[in-house]
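Here's the letter readout for the chains.
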Amino acid sequence: MRIREKAHTREGDAIAAARRRLPMVEVDGATPLIGERGAVTRLDKFEGRRMLIAYYFMWYPGQPAPKQCEGCTWVTSQVRELSYILSRDVTYATFCQGPYEESARYRNFMGWEMPWYSAQGSLDVLLIGRRVGMMHIVCYTRI
């Protein structure tokens, strides 16, 4: 078992190294998101920082709270204190793949305080090369 586990670890390391060698993909900074105060751009969400980490929350429109993604709910529940990330010139936000009004009610119900936006109308641009409808953590940099 130990030999198989070591091989599995080495293969995971090789995959991660290959992922790091992938080229960066340019994403239009004017790509819109919907937030508490209406439409904003992705570039606005950097809040002047060098990097933006976006967690793409899966969403099932029209479904009640217990029917929303358990995995996304669990991961998002772990994000409580952002001061460490912010102090390193990084902004964190959740980009929900569903409509803002509906998903923001869920966010409020769960007591989450992180920045929350709907990326529903911009997913094809923001998730270029990734499958829409799945959870993703995407890191954007300003150049």
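Computed from a predicted model, the values in this text were never measured in an experiment.

Participant: Give me the state of the cysteines: which residues, what numbers.
Facilitator: Taken as a whole and assessed by the stated rule, the structure comprises 0 disulfides. In this structure Cys-69 is not part of a disulfide, and its nearest cysteine sulfur, from Cys-72, lies 3.6 Å away. Cys-139 takes part in no disulfide bond, and the closest cysteine sulfur, belonging to Cys-72, lies 16 Å away. Residue classification places Cys-139 among the partly exposed residues on the basis of a relative accessible area of 47%.

Participant: Tell me about the environment of Val-75, residues and numbers included.
Facilitator: By secondary structure assignment, the location of Val-75 is in helix H2 (residues 70-77). Sequence separation between Val-75 and Glu-26 is 49 residues; the distance between their C-alpha atoms is 27 Å.

Participant: An account of unusual backbone geometry is requested, with residue identities and associated values reported.
Facilitator: One non-glycine residue with positive phi stands out, namely Glu-47, at about 50°. Classification of Glu-47 as partly exposed rests on a relative accessible area of 43%. With a phi close to 65°, Asp-89 is a non-glycine residue in the positive phi region. Assignment of secondary structure puts Asp-89 in the loop between helix H3 (83-86) and strand E4 (90-96). Owing to a relative accessible area of 33%, Asp-89 belongs among the partly exposed residues under this scheme.

Participant: Let's hear about the pattern of salt bridges: which residues, and what values?
Facilitator: Evaluation of the coordinates by the stated rule reveals 2 salt bridges. The shortest N-O distance in the salt bridge between Arg-50 and Asp-89 comes to 3.8 Å. A residue pair is termed long-range when its members are at least 10 positions apart, and Arg-50 in the loop between strand E2 (38-41) and strand E3 (51-57) and Asp-89 in the loop between H3 and E4 qualify at 39 residues.

Participant: Run through the pairing of E4, naming residues and quoting values.
Facilitator: Summarising burial for E4: 7 of the 7 residues are buried, a large majority. As judged from the 7 bridges shared by E3 and E4, these two strands associate in the parallel manner. Across the sheet, the residue bridging to Tyr-55 is Thr-94, located in E4. Two elements, E4 and strand E5 (residues 116-118), share 3 bridges in a ladder whose sense is parallel. Its bridge partner lying in E5, Thr-94 is registered against Trp-116. Taken together, E4, helix H4 (residues 100-110) and E5 form a β-α-β motif whose crossover is right-handed.

Participant: Describe the pairing of strand E1 (residues 32-35), and please don't skip the residues or the numbers.
Facilitator: Residues Leu-33 and Gly-35 point to one face of E1 and are all buried, whereas Pro-32 and Ile-34, pointing to the other face, are not buried. Note: E1 against E2, 4 bridges, orientation antiparallel. Each residue of the ladder has a partner; that of Leu-33, found in E2, is Val-40.

Participant: Which residues make up the packing of aromatic side chains, and what values do they have?
Facilitator: Aromatic ring pairs are described here by two measures, namely the spacing of the ring centres and the angle between the planes. Overall, the coordinates contain 9 aromatic pairs when judged by the stated rule. Ring geometry for Phe-57 and Trp-59: centres 6.2 Å apart, planes at 45°, overall tilted. Both residues of the pair, Phe-57 and Trp-59, count as buried. Note on Phe-57 and Tyr-106: the rings are 6.2 Å apart at their centroids and 65° apart in plane angle, and the pair reads as edge-to-face. With Phe-57 in strand E3 and Tyr-106 in helix H4, this residue pair connects regions lying 49 residues apart in the sequence. In this structure Phe-57 comes out as buried when scored by relative accessible area, which is 0%. Three or more aromatic residues joined by ring pairs form one cluster here, namely Phe-57, Trp-59, Tyr-106, Trp-112 and Trp-116. Taking NZ or CZ as reference, Arg-42 lies 4.8 Å from the ring centre of Tyr-140, over its face.

What counts and how
- Residues numbered from 1 in each chain as written.
- Predicted model: local features only at pLDDT ≥ 70, side-chain atom pairs only at ≥ 80, totals over all residues.
- Heavy atoms only, no water.
- Disulfide = S-S within 2.5 Å.
- Buried < 20%, exposed > 50% of the residue type's maximum accessible area, 1.4 Å probe, protein only.
- Helix = DSSP H or I, 4+ residues; strand = E, 2+ residues; numbered from the N terminus.
- Salt bridge = Lys/Arg side-chain N within 4 Å of Asp/Glu carboxyl O.
- Pairing = 2+ DSSP bridges.
- Right-handed = clockwise from strand over helix to strand, strands pointing away.
- Phe/Tyr/Trp six-rings, centres within 6.5 Å; stacked < 30°, edge-to-face > 60°.
- Lys NZ or Arg CZ within 6 Å of the ring centre and 35° of its normal.

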